[in-house]
Amino acid sequence: MTTSLRPAPRTSTSTLLMTFLFGLLIGLSLGYILWTPQGDALLDAPVAHAPAPEASPEPRPSEIEAPPVAENLWAGRHLIVPLTGSALTDAETALLRDLLPGAVLLPASALRDAALSRRLVSEARRAAGLGSEQDGLPLAIADPAAVPGLPPLAEDGRWPSMDEIGALAEIYAEACRARGIDALLTPDMELWHEDWPVTAADQDRVIALTLAFADALMRRGVLPIATRYPGTAHAVRTPDAPVPVLDMPLNRLAEALYPFSEAVAQQIPGMLVGHAA
């Protein structure tokens, strides 16, 4: 028995080509279905970049503004202007208006009468325009030696005791209230003299009494002003020097300034500065 095998039919080239084209058509159809305009828009959108800062032109010197001046700059608050008479002169009125000083020193001619003194203080405050005539500025300062009727704080080198300080301060404060005086000069705090050697104990006692008197005045509403920094009794005076000069070794200079450093340590509210170098 003879067995014969029939060969499988061969696939033609046209069949393979049709199969490839059919698969390509299916792929293109799926790609078209899955395509979205949003995705394409994101791909095509331009990338945003921050604009480069524009260079500012350099200002010309004439265009540069000066820094603003501080409104609270008031140099005159450190000045004490001495008045010359029982009424303001035109020059003094203009000076007070322009400088706006922190204080005026009342003359003896005005202090001899309480009403005259109060009127001069009102005129000075009206000229400066700093607050009311009763409690404004400038402050009215007086030297106790120019106020009639005040007992001297130290007489013939004798100072009052601590027990007497309060009574004396009350007498001084009453005279100040009657004349419109805000502040009093303390006795001279410089104690060094060529012909009057002062021991350390004397110096400490005088400083303690002066500061106790100043404290008693403050408790009665009168400001004490320490005098007179840096001291001139021990200064050198020469014809070619415009002001006295403290020409001395450092240890002597420290002794001369010691009373004033103690006054500062006790927080005295004011100090009169003299013309010395």
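Residues numbered from 1 in each chain as written. Predicted model: local features only at pLDDT ≥ 70, side-chain atom pairs only at ≥ 80, totals over all residues. Heavy atoms only, no water.

**Considerations on the overall build of the protein chain**
A count of helices and strands for the protein chain gives eight helices and six strands. Helices and strands in the protein chain line up, N terminus first, as α-α-β-α-β-α-α-β-α-β-α-β-α-β. Across the 277 residues of the protein chain, 30% fall into the buried class. Residue pairs at least 24 apart in sequence account for 70% of intrachain contacts in the protein chain once pairs closer than 6 positions are excluded. (Helix = DSSP H or I, 4+ residues; strand = E, 2+ residues; numbered from the N terminus. Buried < 20%, exposed > 50% of the residue type's maximum accessible area, 1.4 Å probe, protein only. Contact = heavy atoms within 4.5 Å.)

**Some thoughts on the pairing of strand β4 (residues 183–188)**
The pairing of strand β3 (residues 139–142) with β4 spans two bridges and is classified as parallel. Paired with I141 across the two strands is A183, which belongs to β4. (Pairing = 2+ DSSP bridges.)

**Structural notes on the nonpolar core**
In this structure, L106, I181, L184 and F213 are the most contacted members of the largest nonpolar core, which totals 33 residues. Looking at this core, the elements with two or more residues in it are α4 (108–111), α5 (114–128), β3, α6 (162–179) and α7 (200–219). With seven residues, α6 is the largest single contributor of residues to this core. Apart from residues no more than four positions distant in its own chain, L184 is found in contact with A142, P144, Y172, C176, L217, V222, L223, P224 and I225. Counting eight residues, the second-largest nonpolar core is a separate cluster that includes L211, A214, A263 and I268. (Core = buried A, V, L, I, M, F, W, Y, C linked by side-chain atoms within 4.5 Å.)

**Observations concerning the packing of aromatic side chains**
What characterises a pair of aromatic rings is the spacing of the ring centres plus the angle enclosed by the ring planes. Counting across every chain of the model gives two aromatic pairs. Consider the rings of Y172 and F213, whose centres lie 5.2 Å apart with planes at 85°: the pair is edge-to-face. You can see Y172 sitting in helix α6 and its partner F213 sitting in helix α7, a full 41 residues away along the chain. The class of Y172 is buried, set by a relative accessible area of 3%. Relative to F260, the ring of Y229 has its centre 5.4 Å away and its plane inclined at 85°; by these criteria the two rings are edge-to-face. With Y229 in strand β5 (residues 223–229) and F260 in helix α8 (residues 250–265), this pair connects stretches of sequence that are 31 residues apart. Of the residues examined, Y229 reaches a relative accessible area of 32% and is grouped as partly exposed. (Phe/Tyr/Trp six-rings, centres within 6.5 Å; stacked < 30°, edge-to-face > 60°.)

**A word on the pairing of β5**
Pairing between β4 and β5: four bridges, direction parallel. Paired with A183 across the bridge in β5 is L223. Bridge analysis of β5 against strand β6 (residues 270–273) gives three bridges, and the strand direction is parallel. Residue pairing for β6: I225 is matched across the bridge by G270.

**Considerations on the pattern of salt bridges**
Inspection of the entire model under this criterion finds six salt bridges. In this structure, D215 engages R219 in a salt bridge whose closest nitrogen and oxygen atoms are separated by 3.1 Å. Of the two residues, D215 and R219 are both situated in helix α7; the distance of four residues between them amounts to about one turn of the helix. D215 sits in the partly exposed class, given a relative accessible area of 35%. Taken together, the shared-partner salt bridges connect E170, E174, R177 and R220 into one network. (Salt bridge = Lys/Arg side-chain N within 4 Å of Asp/Glu carboxyl O.)

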